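# Results of the structural survey
Listed here are the chains, written in short residue letters.
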Amino acid sequence: MPASTEVQYIGFWSAATGGSFLAWAAKGFAEVEDATADAGTDRIAKTSHGYVNNDRVAVFGSAVPGGLTEGTCYFVVGATANDFQVSATQGGAAIDITSAGSGWSLSKIVVETFAGQG
């Protein structure tokens, strides 16, 4: 991996099965379950979520809220203690959430930048 490369996701392969892909995960993620999305306010609600503006997050699941794309990194904007909005860019406009979705979860993405090749 070249120096200055940012890592947001990691993958897992099995040497026992000839390198078959097993799974992927957000690097350094902290999953938030039981969050809800409100299409009327474009806010994601979760009591005491702990996110602050400019944190990177991604949504995952069987039916993510409308207007969001599974696995895409978003930036937290308009954070309060119990809800927040997400933006495609740091400090940008909130994304229009068009439906609540179901069976989804949210993860904070911790980006790591490698200082040297490795």
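For clarity, every value in this text was computed on a predicted model and none was experimentally measured. Residue indices begin from 1 for each chain and proceed along its sequence in written order. Totals for whole chains, interfaces and linings use all residues, but because this is a predicted model, local features are given only for residues with pLDDT of at least 70 and pairs of side-chain atoms are given and counted only at 80 or more. No hydrogens and no water enter the side-chain calculation; it runs on all heavy atoms of the structure.

Turning our attention to the overall build of the protein chain. Strands here are runs of E lasting at least two residues and helices are runs of H or I lasting at least four, both read from the DSSP assignment and numbered beginning at the N terminus. Counting its secondary structure elements, the protein chain contains 0 helices and 11 strands. The linear arrangement of helices and strands in the protein chain, starting from the amino end, is β-β-β-β-β-β-β-β-β-β-β. Only protein chains enter the calculation, and the probe is 1.4 Å; a residue is then buried if its accessible area is under 20% of its type maximum, exposed if over 50%, and partly exposed in between. A total of 118 residues make up the protein chain; the buried ones form 33% of that total.

To pair, rings of Phe, Tyr and Trp, with the six-membered ring standing in for Trp, must have centres within 6.5 Å; the planes then decide the type, stacked if under 30 degrees apart, edge-to-face if over 60, and tilted in the middle. Under the criterion given, the structure shown has 1 aromatic pair. On the numbers, 5.4 Å between centres and 70° between planes, the contact of Tyr-51 with Phe-84 is edge-to-face. Of the two residues, Tyr-51 is situated in the loop between strand E6 (43–45) and strand E7 (56–63) and Phe-84 in strand E9 (residues 83–87); the sequence distance between them amounts to 33 residues. What makes Phe-84 buried here is its relative accessible area of 1%.

Right, let's get into unusual backbone geometry. We note that Asp-42 has phi near 60°; this positive angle belongs to a residue other than glycine. Relative to the assigned elements, Asp-42 resides in the loop between strand E5 (36–38) and E6.

Following the sequence through the fold, His-49 ends up in the loop between E6 and E7. Each C-alpha atom, one on His-49 and one on Asp-83, is 7.4 Å from the other, the two residues being 34 residues apart in sequence. Here, two residues are considered to be in contact whenever any of their heavy atoms come within 4.5 Å of each other. Ignoring any residue separated from it by four or fewer positions in sequence, one finds His-49 in contact with Thr-80, Ala-81, Asn-82, Asp-83 and Phe-84. Side-chain polar atoms of His-49 contact the backbone oxygen of Thr-80, separated by 2.7 Å. Only 3.4 Å separates the side chain of His-49 from the backbone oxygen of Asp-83, close enough to count as a polar contact. Under this definition, polar contacts are N or O atom pairs within 3.5 Å; protein pairs additionally need one hydrogen-donor-capable and one acceptor-capable atom, and for neighbouring residues in sequence, both atoms have to be side-chain atoms.

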